Amino acid sequence: MKTLLLKVNPHFPDPKKIQPAADIIRHGGLVAFPTETVYGLGADAFNGDAILRLFEAKKRPLDNPPIIHIANTNEVYPLVMQVSQKAERLMEQFWPGPLTIIFKHSSDVPKETVAGLDTIAIRIPKHKVAQTLLRQTKHPIAAPSANLSGKPSPTTVQHVLEDLNGRIDAAIDGGDTDIGVESTVIDLSVDPPILLRPGGTPYEALKAVMADLKLHPFVQTEIELPIEKALSPGMKHKHYAPKAEIIIVEGNPQAVTAKISALTKSFKQKGHRIGVLATNETQTAYQADIVKSLGSRSNLASVAQNLFRLLREVDAEGIDVIFAEGVPTEGMGLAVMNRLRKASGYHIIKAE
Ligand code: TXA
Ligand code: MG
């Protein structure tokens, strides 16, 4: 299959340029497109066969349902059993935007689209290109992130093509995405509501309007491992993971810098090629083979923007071990640390 590439202006997308993509989705095809978070891989949410092709293209396990994207709030009602007042309040405040809400779904939704669950994940994206595509397709679009399963989510069309060129019908190039990590997922099919995945909408912003919101324990998971164990093979639950071993070093910035410097020295002596994912404030402190800055500690949104790109970049560098600085789990930092810890297979060292 040849993947058609459509280039559009992300801020003023020309509907004529997006129409071929909408036609492809309406005929059951697969199109990657930019959202404000990451690129999504879209298929018609009402076409079960298209959804199965979507899973196949991504090599995604069939039990992990995609997020359903809609153009406006009216489209939520036919998809769900009921919309609670709590849900209405969130929709009003945070849509369009990087918030996905889980509802009990109606009987109109194909079972492939919800992977056999009784719930459905829905959001309205804010990106102009995504909105134009949704309006022209005239159907909800199921769109997981447009990466091969297990790889970091794509923040540019180049990332999409690295993973999916020749496996999908088309990709819309709308430049770099703004936020860089996926949407926050919150489950409103249960009471009290639970935040399942931290993302582009900070936990604090949601908690401010929904005091009973809980964080799923998995969001905060951190299992400390001694360094010897951290390098053992056969780790499971790897996500967003580059080929190199990633080890996160968490603590106050001075202690983290000292710890990573010492580890870098001893690992280099053993002949390993070492990379460090540092921050603007600390990046000159290291003598590693490769040092890249995640962004500024005083602007965790910048760290979120760079994270997935850097995880892909270090893959291309032939690095054996990457030490990544932990950042505070506040604001966008919660999403960043959730992704970094997953990418490391929870190989976390605490620096004192
Ligand atoms: O920002 C985003 O959310 C991006 C863009 C493209 O919108 N999409 C995205 O989709 O990240 P995906 O499929 O890669 O992640 C969807 C997440 C998965 O963790 C999935 O398990 C969860 O949402 N999810 C989907 N439906 C669910 C449901 N009914 N119950 C619980 N979790 C669900
Ligand atoms: Mg994904």
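Keep in mind the model is a prediction, meaning the values are calculated, not measured.

Go over the overall build of the protein, please, and point to the residues and values.
If you tally the helices and strands in the protein, you get 10 helices and 16 strands. At 20 Å, the protein has a C-alpha radius of gyration in line with the 20 Å of a compact globule built from 352 residues. Once the C-alpha set of the protein is aligned to its principal axes, its extents read approximately 60 × 50 × 35 Å. For the protein, the share of sequence-separated contacts (at least 6 apart) that also reach a separation of at least 24 residues comes to 67%. Total accessible area on the protein stands at roughly 15,000 Å², and carbon and sulfur atoms take up 52% of it. Here the protein contributes 40 positively and 38 negatively charged side chains, and the mean placements of these two sets differ by 2 Å.

Kindly report on the packing of helix H9 (residues 300-315) against helix H10 (residues 333-343), identifying the contributing residues and their values.
Closest axis-to-axis distance for the H9/H10 pair is 9 Å, and the angle between their directions is 25°. Viewed along their axes, H9 and H10 adopt a mutual orientation that is roughly parallel. H9 and H10 meet at a crossing whose hand is left-handed. Contacts between H9 and H10 involve Leu300, Val303, Ala304, Leu307, Phe308 and Leu311 from the first element and Gly333, Val336, Arg339, Leu340 and Ala343 from the second. For the contact of H9 with H10, a count of residues per class yields 9 nonpolar, 1 polar and 1 charged.

Describe the sheet that holds strand S10 (residues 194-197), and please don't skip the residues or the numbers.
Read from one edge to the other, the open sheet built from 11 strands follows the order S1-S8-S2-S3-S7-S4-S6-S5-S9-S10-S11, with strand pairing classed as mixed. Looking at which strands have only one partner, the edges of the open sheet turn out to be strand S1 (4-7) and strand S11 (214-215). Note that S1 and strand S8 (residues 170-173) share 4 bridges and pair parallel. Bridged to Leu4 within S8 is Ala170. Sitting on the sheet, helix H4 (residues 128-137) touches strand S2 (31-34), strand S4 (68-69), strand S7 (141-142) and S8, and the angle it makes with S2 is about 135°.

Explain the nonpolar core to me, and be specific about the residues and the numbers.
In this structure, Leu41, Leu90, Trp95, Phe103, Ile120, Ile122 and Ile186 are the most contacted members of the largest nonpolar core, which totals 46 residues. Elements that contribute at least two residues to this core include exactly strand S3 (39-44), helix H2 (48-58), helix H3 (85-94), strand S5 (99-104), strand S6 (119-123) and helix H5 (157-164). By residue number, the principal contributor to this core is H2, which donates 5 residues. Counting 28 residues, the second-largest nonpolar core is a separate cluster that includes Ile248, Ala324, Val327 and Leu340.

Run through the site of ligand 1, naming residues and quoting values.
Close to ligand 1 lie 23 residues, the nearest being Thr37, Arg60, Asn64, His69 and Ser183. Between an oxygen atom of ligand 1 and a side-chain N or O atom of Arg60, the distance comes to 2.9 Å. Within the side chain of Asn64, an N or O atom sits 2.5 Å from an oxygen atom of ligand 1. In isolation ligand 1 has 670 Å² of accessible area, and contact with the protein removes 86% of it. Broken down by secondary-structure element, the contributors of at least two residues to the shell around ligand 1 are S6 and S10. No other element matches the 4 residues that S6 contributes to the shell around ligand 1.

I'd like a description of the environment of Met91, backed by residues and values.
Positionally, Met91 belongs in helix H3. Classification of Met91 as buried rests on a relative accessible area of 4%. Between the alpha carbons of Met91 and Thr73 there is a distance of 7.4 Å; along the sequence they are 18 residues apart. Setting aside its immediate chain neighbours within four residues, Met91 contacts Thr73, Val76, Tyr77, Val83, Ile101 and Phe103.

Quick rundown of the pattern of salt bridges? Include the residues and the values.
Taken as a whole, this structure holds 15 salt bridges when the rule is applied. Counted as one network, the salt bridges with shared partners bring together Lys151, Glu162, Asp163 and Arg312.

A description of H9 should follow, citing residues and the corresponding values.
Taking 1.5 Å of rise per residue, 16 residues should cover 22 Å, and H9 covers 23 Å from first to last C-alpha, within 8% of that figure. Approximately 40° is the largest bend angle found in H9, and it occurs at Leu307. All buried positions along H9 are accounted for by Leu300, Ser302, Val303, Ala304, Asn306, Leu307, Phe308, Leu310, Leu311, Arg312 and Val314. In the core, the buried residues of H9 are packed alongside H5, strand S12 (245-250), strand S13 (274-278), strand S14 (290-293), strand S15 (321-325) and H10.

Calculation rules
Residues numbered from 1 in each chain as written. Chains lettered and ligands numbered in written order. Predicted model: local features only at pLDDT ≥ 70, side-chain atom pairs only at ≥ 80, totals over all residues. Heavy atoms only, no water. Helix = DSSP H or I, 4+ residues; strand = E, 2+ residues; numbered from the N terminus. Rg over C-alpha atoms; globule rule 2.2 N^0.38 Å. Contact = heavy atoms within 4.5 Å. Areas by Shrake-Rupley, 256 points an atom, 1.4 Å probe, with all protein chains shown as cover. Lys, Arg positive; Asp, Glu negative; His and termini not counted. Charge placed at Lys NZ, Arg CZ, Asp CG, Glu CD. Axes fitted to C-alpha atoms, helices over the stretch in contact; angles between N-to-C directions. Parallel < 35°, antiparallel > 145°, perpendicular 65-115°, else oblique. Left-handed = near helix turned anticlockwise from the far one by under 90°. Nonpolar A, V, L, I, M, F, W, Y, C, P; charged D, E, K, R; others polar. Pairing = 2+ DSSP bridges. Core = buried A, V, L, I, M, F, W, Y, C linked by side-chain atoms within 4.5 Å. Buried < 20%, exposed > 50% of the residue type's maximum accessible area, 1.4 Å probe, protein only. Near = heavy atom within 4 Å. Polar contact = N/O pair within 3.5 Å; in protein donor to acceptor, adjacent residues only side chain to side chain. Salt bridge = Lys/Arg side-chain N within 4 Å of Asp/Glu carboxyl O. Expected span 1.5 Å × (residues − 1). Bend = angle between axes of the 7 residues up to and from the residue.

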